[in-house]
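# Fold and geometry: a report
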Amino acid sequence: MSNSLDNFSMDFFSLKGKVAIVTAGNTGLGQAYAVALAKAGADLVIPTHGKDWDGTRRLIEKEGRQVIFIQGDLTKKEDRENIIKLAVQVYGRIDILVNNAGTIRRAPLLEYTEEDWNAVMDINLNALYFLSQDVAKVMVKQGSGKIINVASMLSFQGGKFVPPYTASKHGVAGITKAFANELACKNIQINAIAPGYIKTANTEPIRADKERNAEIQVRIPADRWADPFDLMGAVVFLASKASDYVNGHILAVDGGWLVR
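Residues numbered from 1 in each chain as written. Predicted model: local features only at pLDDT ≥ 70, side-chain atom pairs only at ≥ 80, totals over all residues. Heavy atoms only, no water.

## A closer look at the side chain of D95
- Locating D95 in the fold gives a position in the loop between α3 (77-91) and β4 (96-99).
- Relative accessible area serves as the criterion here: at 4%, D95 is assigned to the buried category.
- Dropping the residues within four chain positions of it, D95 is found in contact with G17, K18, V19, M139, Q142, G145 and K146. (Helix = DSSP H or I, 4+ residues; strand = E, 2+ residues; numbered from the N terminus. Buried < 20%, exposed > 50% of the residue type's maximum accessible area, 1.4 Å probe, protein only. Contact = heavy atoms within 4.5 Å.)

Take a look at the structure:
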């Protein structure tokens with residue numbers, strides 16, 4: 001089919017018939033990503049560390065989509081392999097991977113422990129890399145795929161009291177670009193979403209600090225913290241055919257934080 005302008009259709013944003021893995025897709029931003037993909041037509045596999053998934057299941061099944069939850073530890077090779085095997089066994093393919101799972105531990109730089117450093121890096125960077133590598137092998141055989149990493153404002157900035165989180169999110173941006181360089185020719189697009197300041201459990205301590213909250217909000221041109229809802233359009237775009245020529249990009253969804 002030629003790429004003439006009249007061939008473009010809103011169907012390019014449809015994910016009907018697609019299969020998505022969304023790590024930690026049962027709560028917070030992950031839930032928003034998962035529900036958005038379901039609304040666009042995708043069936044899902046959601047790896048999670050806990051069992052708090054009934055609400056997410058209802059939201060996805062309300063859209064007429066299928067979802068399977070699987071407990072596991074993304075830092076363990078066997079658990080990552082089980083996720084991929086389950087997706088392929090049940091659905092026959094993997095079209096989309098959203099690397100949403102992450103953690104943060106706060107402490108002053110001079111007090112930060114090696115244990116906390118390793119815990120953050122293991123889930124935010126190592127697990128993301130190895131799960132993406134294994135899913136990419138499936139996508140190469142299929143001849144197509146979309147990998148969407150979750151970066152951060154701290155993929156661009158230094159932050160305070162979160163040195164390994166900052167290092168890991170810089171690493172996520174780098175991995176996104178490195179994967180794109182090697183897999184673009186395989187019809188696989190690898191991009192990242194960099195959320196701004198979002199109302200989630202991770203940011204609750206900051207929002208509870210009135211002084212810190214005010215410092216943040218005054219710098220956001222949109223003059224508000226985002227809700228998970230604000231990220232839903234971005235993930236559908238990057239998961240869909242509409243983004244087939246977008247590769248290695250870090251998409252900031254930040255209300256203008258980075259341009260202030």
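## Comments concerning the packing of helix α1 (residues 28-39) against helix α2 (residues 54-61)
- Orientation of α1 relative to α2, taken along the N-to-C sense of each, is 20°, at an axis distance of 9 Å. Accordingly, the angle class assigned to the pair α1 and α2 is roughly parallel. Handedness of the α1/α2 crossing: right-handed. Where α1 approaches α2, its residues Q31, A34, V35 and A38 are matched on the opposing element by G55, T56, L59 and I60.
- Here the contact of α1 with α2 is built from residues that sort into five nonpolar, three polar and no charged. (Axes fitted to C-alpha atoms, helices over the stretch in contact; angles between N-to-C directions. Parallel < 35°, antiparallel > 145°, perpendicular 65-115°, else oblique. Left-handed = near helix turned anticlockwise from the far one by under 90°. Nonpolar A, V, L, I, M, F, W, Y, C, P; charged D, E, K, R; others polar.)

## Observations regarding the sheet that holds strand β1 (residues 19-22)
- Pairing within the open sheet is parallel, and its seven strands lie in the order β3-β2-β1-β4-β5-β6-β7. Strands at the two margins of the open sheet, each flanked by one partner only, are β3 (67-71) and β7 (250-253). Going from strand to strand, the sheet's axes swing by 20° on average, the running direction of each strand aside.
- As paired strands, β1 and strand β2 (residues 43-48) are joined by three bridges and run parallel to one another. In the sheet register, A20 faces β2, and the bridge partner there is L44.
- Packing of α1 onto the sheet brings it into contact with β1, β2, β4, β5 (145-150) and β6 (188-195), and relative to β1 it is tilted by some 175°. (Pairing = 2+ DSSP bridges.)

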